[in-house]
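Coordinate analysis (summary)
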Amino acid sequence: MALLELAGVSRSFGGVRAVNALSFAVPEGEIVGLIGPNGSGKTTVFNLISGVFLPNQGTLTFAGASLIGRKPHEICRLGIGRTFQIVQPFNSLTVLENVRVGAFRTIGDPDRAAHEADAVLRLVGLSHKREALPPSLTIADRKRLELARALATRPRLLLLDEVMAGLRPAETLEMLELARRIHASGVTLLVIEHVMRAVMSLSHRILVLHHGEKLAEGTPQEVSRDPEVIRAYLGEEYRPA
Amino acid sequence: MPSQYVIHLAVMILFFAYLGAAWNILGGYAGQFSFGHAAFFGLGAYTSTLLHIHYGVSPWIGMALGGLAGVLLGLGSGFLSFRYGLRGPYFALVMLAFAEMLRLLFETWMSRSYPLGLPIPLKGTSLLDFQFRDKGHYFYIILVMLIAVTWLCHRLARSRVGAYWMAIRDNEEAAQALGIDAFAYKLLAMAISAFLTALGGTFYAQYFLTLEVNELFGVQISVEILLSAIIGGAGTVFGPLVGAVALQLLSEVTRVYVRAFSGFDLMVYGGVLILVIIFLPQGLLEGMRRPYRAMARALST
Ligand SMILES: Nc1ncnc2c1ncn2[C@@H]1O[C@H](COP(=O)(O)OP(=O)(O)O)[C@@H](O)[C@H]1O
Ligand SMILES: [Mg+2]
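Positions within a chain are numbered from 1, following the residues in the order the chain's sequence is written. Naming scheme: in the order in which they are written, chains are lettered from A and ligands are numbered from 1. For this predicted model, a pLDDT threshold of at least 70 governs which residues receive local features, and a threshold of 80 or more governs which side-chain atom pairs are given and counted, while totals over whole chains, interfaces and linings are taken from all residues. Only hydrogens and water are set aside; all other atoms, that is, all heavy atoms of the structure, feed into the side-chain values.

1. Remarks on a nonpolar patch on the surface
Patches were defined on residues exceeding 30% relative accessible area and lacking a salt bridge, with like-charge contacts within 9 Å and nonpolar side-chain contacts (Val, Leu, Ile, Met, Phe, Trp, Tyr) within 5 Å. Residue exposure ignores everything except the shown protein chains as possible cover, and the areas themselves are Shrake-Rupley values with a 1.4 Å probe. Salt bridge, as applied in this entry: a Lys or Arg side-chain nitrogen positioned within 4 Å of an Asp or Glu carboxyl oxygen. On the surface, W60, I61, L65, L68 and L127 of chain B cluster together into a nonpolar patch covering about 480 Å² of accessible area. Remark: exposure states derive from per-residue accessible area (1.4 Å probe, protein chains only) relative to the maximum for the residue type, with buried under 20%, exposed over 50%, and partly exposed in between. Using a relative accessible area of 32% as the deciding quantity, one classes W60 of chain B as partly exposed.

2. Comments concerning the coordination of the magnesium ion (ligand 2)
Residue and element names in this part refer to chain A. Each protein donor to the magnesium ion (ligand 2) is listed here as T43 (OG1) and Q85 (OE1); together their distances run 2.0 to 2.2 Å. With T43 in helix α1 (residues 42-49) and Q85 in the loop between β6 (80-82) and α3 (95-103), this pair connects stretches of sequence that are 42 residues apart. Of the residues examined, T43 reaches a relative accessible area of 26% and is grouped as partly exposed. In this structure Q85 comes out as partly exposed when scored by relative accessible area, which is 32%. Coordinating N, O and S atoms are those within 2.8 Å of the metal (3.2 Å for Na, K and Ca), and as water is not part of the atoms, a site may appear to have fewer donors than expected. A run of DSSP states H or I qualifies as a helix once it reaches four residues; a run of E qualifies as a strand once it reaches two. Both are numbered from the N-terminal end.

3. Some thoughts on the sheet that holds strand β1 (residues 4-13) of chain A
Residues and elements named next belong to chain A. Between any two strands, at least two bridges found by DSSP are needed for them to pair. With antiparallel pairing, four strands are arranged side by side in an open sheet as β2-β1-β4-β5. Edge positions in the sheet fall to β2 (16-26) and β5 (65-66), since each of these pairs with one other strand and no more. Pairing of strand β4 (residues 57-62) with β5 involves two bridges; the strand directions are antiparallel. Residue pairing in the sheet places T61 in a bridge with S66 of β5. Seen against the sheet, α1 touches β1, β2 and β4 and runs at an angle of roughly 115° to β1. The criterion used for residue contact is that any of the two residues' heavy atoms lie within 4.5 Å. Axes here refer to lines fitted to C-alpha atoms; in helices the fit is confined to the stretch in contact. Angles between the N-to-C directions go from 0 to 180 degrees.

4. So, the site of ligand 1
Residues and elements named next belong to chain A. F13, V16, A18, P37, N38, G39, S40, G41, K42, T43, T44 and F53 make up every residue found near ligand 1. By the criterion applied in these results, polar contacts are pairs of N or O atoms within 3.5 Å in which, for protein atoms, one can donate a hydrogen and the other can accept it, and in which residues neighboring in sequence qualify only through two side-chain atoms. One of the side-chain nitrogen or oxygen atoms of T43 is found 2.8 Å away from an oxygen atom of ligand 1. The separation between an oxygen atom of ligand 1 and a polar side-chain atom of T44 is 2.6 Å. In isolation ligand 1 offers 560 Å² of accessible surface; the protein chains occlude 63% of this area. Going through the elements one at a time, β2 and α1 are the ones with two or more residues in the shell around ligand 1. Put simply, Ala, Val, Leu, Ile, Met, Phe, Trp, Tyr, Cys and Pro go in the nonpolar bin, Asp, Glu, Lys and Arg in the charged bin, and everything else, Gly too, in the polar bin. Of the residues contributing to the shell around ligand 1, the split by class is five nonpolar, six polar and one charged. Residues are labelled near a given molecule or strand when at least one of their non-hydrogen atoms is within 4 Å of it.

5. Here we look at the nonpolar core
Counting 126 residues, the largest nonpolar core has L158 and L189 of chain A together with F15, Y18, Y46 and F203 of chain B as its most contacted members. If you tally residues by element for this core, the top one is helix α1 (residues 4-29) of chain B, at 17 residues. Within the second largest apolar cluster, 25 residues are counted, among which are L3, V9, V26 and L34 of chain A. By nonpolar core is meant a set of buried Ala, Val, Leu, Ile, Met, Phe, Trp, Tyr and Cys residues that side-chain atoms within 4.5 Å join together.

Pasting the structure below:
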């Protein structure tokens, strides 16, 4: 049984069908990429999984437990961490304190939680900014902070929403490397990404969304050869070698 | 021996520092800006006083019961506000509405039996009755209350609870995504803040020994409660104390020395407040720290 399963999930906003009869599974230990043009419903999928929105139809299960009707904080406690596409730091708290908020999920003692937060900061390469306030960080560091905070809650499944968007090529490579390290530490990843090459090289499997529906699913090679995908989305941006 | 006037001034400073600290838990740390803390304040004062007058309950016990009444009111008003997702100015105004409702309720109720205000029977000096001829006793009582609440804030600010409150204050969605039950933690802040504010109401009642509905539940006390915290530095342990010292001294100085015409002292007082809010939006404490940081930075480079 997969760690995360969506079956027939739909969600509309007013007249807009943001997600339509979507089914997919994320097996434990994999990296699954979620791609699609702007407005194709990727972030909405994350918001449905993390309990920000209720689906109009369908079921979502995580490790055998239904996610429907659970609040975002309950879903985090089940073991699902997430980042936000538009980073949401706690601006009056230092970088260390931001990450410590995440660490407090499993560790009640303030000093031990800070210790854990320090370890996570080392992992993501933000230790030298531990006393900085988020508004003073570069975009790349803010994305790292966003990731570190979610990681500090010790999730089994981590949802990453465009953590590589807006980064320079060198920073993108660092972020890829970081994602691989997190995965190697035993965390399952579901990754929304716009940087095509990045997500293709990172993911075991790719899911392509188009107008809220699943257009294709398979290995990066299969998906990148799929004529429908090329027509709908990849054509202009990505040509398989 | 300091004069009774100096002691009175000191009591007022500590008293508003205490109330500011109580407000600060909800308004400063948890970021839920209440504009109606008079509700808890008045409820505490009337609970202990009515129990004392009608049932002979010691005001000390009444103080604890008033605190519990404050907790119930806090949980009720907090449940309604937070359940329906009221934030920022909407929450502030709903709290103001709760305080005004209580004011009208008590006015209707009290104006029948006590049209000239509710007097507490004078007992001279009696510890059991929470009454002292010498103001110095009140000074020590409010000093202990202030130390206790400051210690509590210090402990909370460094704990998981405090970190969660500040996370909710800065970004509620992100806080929830990190496993924080924002609703529960906001209610907790409300309950503690309401409890402490209600205790302050009883202290006020025993210090002035007469209760007037419009003073205890009025908008003015709601504003005065939050001003010390805001002016000193919301969300800091010593902000309310710094704010209370500054505000009480400013208010005394303008009252005594600025008398060009009636009301001029209040204009000056208001003007200084506006300047502080414009130029030191983080409060006086942050304003005092800034030169030190600049100096430290200059020295380290
Ligand atoms: N909270 C919301 N309210 C109204 N419409 C929304 C909301 N969230 C998403 N949508 C709509 O749903 C569609 C999918 O959006 P989104 O999931 O953000 O796409 P993506 O992340 O793939 O760019 C868009 O048409 C968007 O306008
Ligand atoms: Mg998106």
